[in-house]
Amino acid sequence: MKRILIASIVTIITLIAACTGKTTPNKYKVVVLPDSIVKAPYINDIVKELDSGLIGSRISAKDRVTNVKQSGKHCMLSNGESAIRLDAVGNIMGFNKELIGNEMVAYGMLCERRFYIEELLRMRQNYIECIERLQSDTTSNNECEKIVSDLQDVNTMYKWTIDNNKPYYSILSIETEEYTILN
């Protein structure tokens, strides 16, 4: 019953907005979420519960948006300790840079990408070989800078796995279907 009421309210608001004569399309969809989603756990709490089988589950998570990447296809929720990447899927066309600094609640499927030590070593070696090839070509400085940045990321991931005695480095993401801004 509550879902029907919320859906009706959202439909009425949408109809009212459509009748205002505004013709500029908005590719960034902001969805009004139910109270249960707004009371979502912070990402630190989600990271602590990973071993309980959350990967592959639909979850809600909240924290601050710290950056937006790849023309808005991804953004990061972070609190300085932990971070989760949000991927725009479904009706969400992307995230805009104005979201940075705001507290957001995201709803979607929790995914994990594991980079095992062997894979990190192979990536590192490939980046080093690529840098050596590009350094001989003076026209590719921008590409070389990007690869050096990627190499630094891989080195950081590798160092973390060694320092924490783990066989892999895990990157969490949420295939974000809906979100709302809390402030």
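## Things to note about the overall build of the protein
Item 1. From N to C terminus, the protein includes five helices and five strands.
Item 2. Along its sequence from the N terminus, the protein presents helices and strands in the succession α-α-α-β-β-β-β-α-α-β.
Item 3. Within the span of the protein, comprising 183 residues, buried residues form 32% of the whole.
Item 4. Once local pairs closer than 6 in sequence are excluded, the contacts in the protein between residues at least 24 apart make up 69%.

## Some words on the nonpolar core
Grouped burial of nonpolar side chains is what soluble globular proteins tend to show.
Item 1. Of all hydrophobic cores here, the largest spans 19 residues; its most connected members are Val 65, Ile 84, Leu 86, Phe 95, Met 104 and Ile 174.
Item 2. Counting residues per element, this core draws most heavily on strand β1 (residues 58–69), which supplies four residues.
Item 3. Contacts of Val 65, omitting those with residues within four sequence positions, involve Cys 75, Met 76, Leu 77, Leu 99, Ile 100, Gly 101, Asn 102 and Met 104.
Item 4. Counting six residues, the second-largest nonpolar core is a separate cluster that includes Ile 117, Leu 120, Met 157 and Tyr 158.

## Let's talk about unusual backbone geometry
Item 1. At Asn 165, a position not held by glycine, the phi torsion is positive, near 50°.
Item 2. Among the structural elements, Asn 165 can be located in the loop between α5 (141–163) and β5 (168–181).
Item 3. On the basis of relative accessible area, Asn 165 is assigned to the exposed category, the value being 71%.

## Section: the sheet that holds strand β3 (residues 83–88)
Item 1. Spatially, β1-β2-β3-β5-β4 is the arrangement adopted by the five strands of the closed barrel, whose pairing is mixed. Ignoring which end each strand starts from, the neighbouring axes of this sheet average 50° apart.

## Here's the deal with the confidence of the model for the protein
Item 1. Overall, the prediction assigns the protein a mean pLDDT of 77, with 74% of residues at 70 or greater.
Item 2. Of all the helices and strands in the protein, helix α1 (residues 2–18) carries the lowest mean pLDDT, 42, while strand β4 (residues 103–116) carries the highest, 92.

## Quick notes on the packing of aromatic side chains
Within a pair of aromatic rings, the relevant descriptors are the distance that separates the centres and the angle that separates the planes.
Item 1. Evaluation of the coordinates by the stated rule reveals three aromatic pairs.
Item 2. For the ring pair Phe 95 and Tyr 179, a centre distance of 5.4 Å and an interplane angle of 50° mean the geometry is tilted. Of this pair, Phe 95 sits in the loop between β3 and β4 while Tyr 179 sits in strand β5; the two residues are 84 residues apart in sequence, bridging distant segments of the chain.
Item 3. Using a relative accessible area of 1% as the deciding quantity, one classes Phe 95 as buried.
Item 4. Summarising the aromatic geometry, the rings of Trp 160 and Tyr 169 are spaced 5.5 Å apart at their centres and angled 90° between planes, so their arrangement reads as edge-to-face.
Item 5. For Trp 160, a relative accessible area of 36% translates into the label partly exposed.
Item 6. One residue, Arg 113, lies across the ring of Phe 115, its end atom 4.1 Å from the ring centre.

## Some points on helix α4 (residues 117–135)
Item 1. A rise of 1.5 Å per residue sets the reference length of α4, with its 19 residues, at 27 Å; its end C-alpha atoms lie 27 Å apart and thus fit the reference within 8%.
Item 2. What α4 keeps buried is the set Ile 117, Glu 119, Leu 120, Cys 130, Ile 131 and Leu 134. Seen end-on, α4 carries its buried residues on one side only, within an arc spanning 150°. Relative to its buried face, α4 has exposed residues pointing more than 90 degrees away, namely Glu 118, Arg 122, Glu 132 and Arg 133.

## Remarks on the pattern of salt bridges
Item 1. As enumerated under the stated definition, the model contains five salt bridges in all.
Item 2. A salt bridge links Arg 114 to Glu 112; the nearest nitrogen and oxygen atoms lie 3.2 Å apart.
Item 3. Under the relative-accessibility criterion, Glu 112 is labelled partly exposed at 27%.

Cut-offs applied
Residues numbered from 1 in each chain as written. Predicted model: local features only at pLDDT ≥ 70, side-chain atom pairs only at ≥ 80, totals over all residues. Heavy atoms only, no water. Helix = DSSP H or I, 4+ residues; strand = E, 2+ residues; numbered from the N terminus. Buried < 20%, exposed > 50% of the residue type's maximum accessible area, 1.4 Å probe, protein only. Contact = heavy atoms within 4.5 Å. Core = buried A, V, L, I, M, F, W, Y, C linked by side-chain atoms within 4.5 Å. Pairing = 2+ DSSP bridges. Axes fitted to C-alpha atoms, helices over the stretch in contact; angles between N-to-C directions. pLDDT = per-residue confidence, 0-100. Phe/Tyr/Trp six-rings, centres within 6.5 Å; stacked < 30°, edge-to-face > 60°. Lys NZ or Arg CZ within 6 Å of the ring centre and 35° of its normal. Expected span 1.5 Å × (residues − 1). Arc of directions from axis to C-beta. Salt bridge = Lys/Arg side-chain N within 4 Å of Asp/Glu carboxyl O.

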